[in-house]
Amino acid sequence: MVNSIIVDGNRDDIVSLENMISNNFPNIHIFGNADNLEIATEILAEVKPDILFMDIELPLKNGLILNEYIAKVSCQVILLTQGANYILDALNCVVCGYLIKPFREDVVVFAVQRALSKITENQEHLRNKFLAEEYFKLSYIEDVIGIPCFEGFEFVRIKDIICCEGMQKCTRVITSEKTDIISSYNLGEFRKSLEPYGFFSPHKSYLINLHLIRNYHREGNILMVNGVSVPVAKRKKGEFLNRIKHI
């Protein structure tokens, strides 16, 4: 069952939307509705819905910045607008869709189907992430590690990993054989797993194998055995020099 909440200043619009949703989506439970932001906030805190239908005027009239308000809501949001007055505001927000009053049933169905698809997609992503995390913890076979990638897992020997480079929410893993292993894990996960094996993070965007350094330039760069140059942050320089004395 998918829970939803309708927040709109017009009771007739609430009833109209409730009927369209009930007629087309029996699996969606309309847990509650509200005609002002205070009541809506209370319901949101209690229910934590999967889909929120919200009149775009309510947060704006309360002096809230729409993007910031929606960013705090952890569900799919479908905005309700009166005519074309707020379409630009709606388009500038990261939402699942928007409905113009008076509601058209086919447009409501399309927007809700899109929200349901995103809910399913997010649930699948969370399941895969959980499985990947569990597998990542147990993937060591002697000196082999399974690296979670978008297509599955790439198995490499730990000693062959030259360095890891953070790329937003992903990580590029460079080994002695491959340079393009892109992992769905962030660099922080690799730090936790590889630092016990002689890896060090000289910079917030890099993790290097201390055993595969070719040379160090005093201006603040480390040259790895494959020719990759890695920067050393000023605050990390002392710790790095101390570490390489003990390799």
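Residues numbered from 1 in each chain as written. Predicted model: local features only at pLDDT ≥ 70, side-chain atom pairs only at ≥ 80, totals over all residues. Heavy atoms only, no water.

1. Considerations on the nonpolar core
Alright, step 1. Counting residues in each nonpolar core, the largest one holds 23 residues, and the members touching the most others are Leu17, Ile51, Phe53 and Ile78.
Alright, step 2. For Ile51, the contacting residues outside a window of four places in its chain are Val2, Asn3, Ser4, Ile5, Ile28, Cys75, Gln76, Ile78, Ala115, Leu116 and Ile119.
Alright, step 3. Counting 19 residues, the second largest nonpolar core, distinct from the first, contains Ala34, Met54, Leu58 and Leu79. (Core = buried A, V, L, I, M, F, W, Y, C linked by side-chain atoms within 4.5 Å. Buried < 20%, exposed > 50% of the residue type's maximum accessible area, 1.4 Å probe, protein only. Contact = heavy atoms within 4.5 Å.)

2. Section: the pairing of strand S9 (residues 170-175)
Alright, step 1. The element S9 is largely enclosed, with a buried count of five among its six residues.
Alright, step 2. Across six bridges, strand S8 (residues 161-167) lies against S9 in antiparallel orientation. Residue pairing across strands places Met167 opposite Cys170, the latter belonging to S9.
Alright, step 3. The hairpin formed by S8 and S9 contains two residues between the paired strands, and Gln168 there has a positive phi angle of roughly 55 degrees.
Alright, step 4. Both S9 and strand S10 (residues 181-183) contribute to a ladder of three bridges, which runs antiparallel. Residue pairing for S10: Arg172 is matched across the bridge by Ile182.
Alright, step 5. Connecting S9 to the next strand, S10, in antiparallel fashion are five residues. (Helix = DSSP H or I, 4+ residues; strand = E, 2+ residues; numbered from the N terminus. Pairing = 2+ DSSP bridges.)

3. Points about the pattern of salt bridges
Alright, step 1. Within the structure shown, the criterion is met by nine salt bridges.
Alright, step 2. Across the pair Asp8 and Lys101 runs a salt bridge, and its minimum N-O distance is 2.8 Å. Separated by 93 residues along the polypeptide, Asp8 in the loop between strand S1 (2-7) and helix H1 (11-24) and Lys101 in strand S5 (residues 97-101) bring together distant segments of the chain.
Alright, step 3. Here Asp8 falls in the buried class, since its relative accessible area comes to 0%.
Alright, step 4. Residue Lys101 is classed as buried on the basis of its relative accessible area, which comes to 8%.
Alright, step 5. A salt bridge links Glu165 to Arg172, with the shortest nitrogen-to-oxygen separation between them at 3.5 Å. (Salt bridge = Lys/Arg side-chain N within 4 Å of Asp/Glu carboxyl O.)

4. Some thoughts on the side chain of Lys236
Alright, step 1. Residue placement: Lys236 occurs in helix H8 (residues 234-244).
Alright, step 2. Note on Lys236: relative accessible area 16%, which makes it buried.
Alright, step 3. Once you skip the residues sitting within four places of it in the chain, Lys236 turns out to touch Phe200, Ser201 and Pro202.

5. Things to note about the environment of His211
Alright, step 1. Mapped onto the secondary structure, His211 falls in the loop between strand S12 (206-209) and strand S13 (213-217).
Alright, step 2. Residue classification places His211 among the exposed residues on the basis of a relative accessible area of 55%.
Alright, step 3. Note: C-alpha distance between His211 and Asp160 (51 residues apart in sequence) is 10.0 Å.

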